Amino acid sequence: MARTDNRSGPTRRMVLEGGVATGVLLATGIPVDAEPADSVTAAASPTPVPTMPMSLRINAKDLAVELDLRTTLLDALRNHLGLTGSKKGCDHGQCGACTVLVEGRRINSCLTLAAMHEGDEITTVEGLAEGDRLHPVQAAFVARDGFQCGYCTPGQICSAVGMLGEARAGWPSHASADVAAASVALSDAEIRERMSGNICRCAAYPNIVAAIRDAAEEA
Ligand code: FES
Ligand code: FES
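Each value, and the rule that gives it
- Residues numbered from 1 in each chain as written.
- Chains lettered and ligands numbered in written order.
- Predicted model: local features only at pLDDT ≥ 70, side-chain atom pairs only at ≥ 80, totals over all residues.
- Heavy atoms only, no water.
- Salt bridge = Lys/Arg side-chain N within 4 Å of Asp/Glu carboxyl O.
- Buried < 20%, exposed > 50% of the residue type's maximum accessible area, 1.4 Å probe, protein only.
- Helix = DSSP H or I, 4+ residues; strand = E, 2+ residues; numbered from the N terminus.
- Expected span 1.5 Å × (residues − 1).
- Pairing = 2+ DSSP bridges.
- Contact = heavy atoms within 4.5 Å.

Peer 1: Any chance you could explain the pattern of salt bridges here in plain terms?
Peer 2: Where charged atoms of side chains with opposite charge meet at close range, the side chains can pair. Taken as a whole and assessed by the stated rule, the structure comprises 10 salt bridges. For D62, the salt bridge identified is with R57, shortest N-O distance 3.3 Å. On the basis of relative accessible area, R57 is assigned to the partly exposed category, the value being 26%. A salt bridge links R133 to E130, with the shortest nitrogen-to-oxygen separation between them at 3.8 Å. Here R133 matches E130 in class, with each residue exposed. Because the salt bridges share partners, they merge into one network encompassing R57, D62 and E121.

This is the structure:
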């Protein structure tokens, strides 16, 4: 018996025609009635990123730089100012390789924007030595073999310099038995706790602790 189909709705012809169009869309990602290829390319080309001139005071020098306002301090140092001593281990505030000093306090430079630090005194590992004379913490790291590959070392050293200042100021840590004590005795446990934000995959930790103990005694 011949089949009849009186249902209203899309006809076989409509479905087939629509199917061709859908196939073109799926295969190319471009609707069949889309603009010609050259205008698609023009629309996709990135708009120029607005930048702003700023002045950063790094290692006692005023440095002028023009940056996208979203540039982190770490990327400004490494990619725009040629100060590659500060390292990028994670870019997420988890490894400490990017540690620098801002107004004498240690921070993760990957977690802060360069534009936030105009007028601040920024010190990177390149600014610690005085001429050929190493900073005492740098010298102690060398004397105690406080590094192996050296990638975490700039962050470790800047962090140690900041940490020694915090201990001198009497700031307690999670390892301090008496958080109200006026001064901090830098035991190995205190040093380990205070340096726990700086990861070393070469596991130079015992030598790092020894180096910082030496530097603390010398200070
Ligand atoms: S790169 Fe900044 S904490 Fe790892
Ligand atoms: S010395 Fe290699 S990661 Fe610390």
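On we go from here.
Peer 1: How should helix α5 (residues 153-168) be read in this particular structure?
Peer 2: Helical periodicity: at 3.6 residues per turn, an α-helix aligns residues three or four positions apart in one direction. Between its first and last C-alpha, α5 extends 22 Å over 16 residues, near the 22 Å set by a 1.5 Å rise per residue. Of all 16 residues in α5, 14 are buried; the element is thus mostly enclosed. Just past α5, the residue G170 takes up positive phi, approximately 85°.

Peer 1: Teacher, can you tell me more about the pairing of strand β2 (residues 61-68) here?
Peer 2: Regular strands place their side chains on alternate faces of the sheet. Judged from the eight bridges that link them, strand β1 (residues 51-58) and β2 form a sheet pairing that is antiparallel. By the bridge assignment, M54 is partnered in β2 with V65. Between β1 and β2, which follow one another and run antiparallel, lie two residues, and N59 among them has a positive phi close to 50°.

Peer 1: I'm lost on the pairing of strand β3 (residues 99-102) in this one. Help?
Peer 2: Here β3 shows no split at all, with T99 and L101 on one side and V100 and V102 on the other all buried. Taken together, β3 and the strand that follows it, strand β4 (residues 105-108), pair antiparallel across an intervening segment of two residues, in which E103 is found at a positive phi of about 55°.

Peer 1: Sorry if this is basic, but what is going on with helix α7 (residues 205-218) here?
Peer 2: For α7, built from 14 residues, the straight-helix expectation of 20 Å at 1.5 Å per residue is met to within 8% by its first-to-last C-alpha distance of 20 Å. Listed as buried for α7 are I208, V209, A210, A211, I212 and A215. Packing partners of the buried residues in α7 comprise α4 (136-143), α5 and α6 (188-194).

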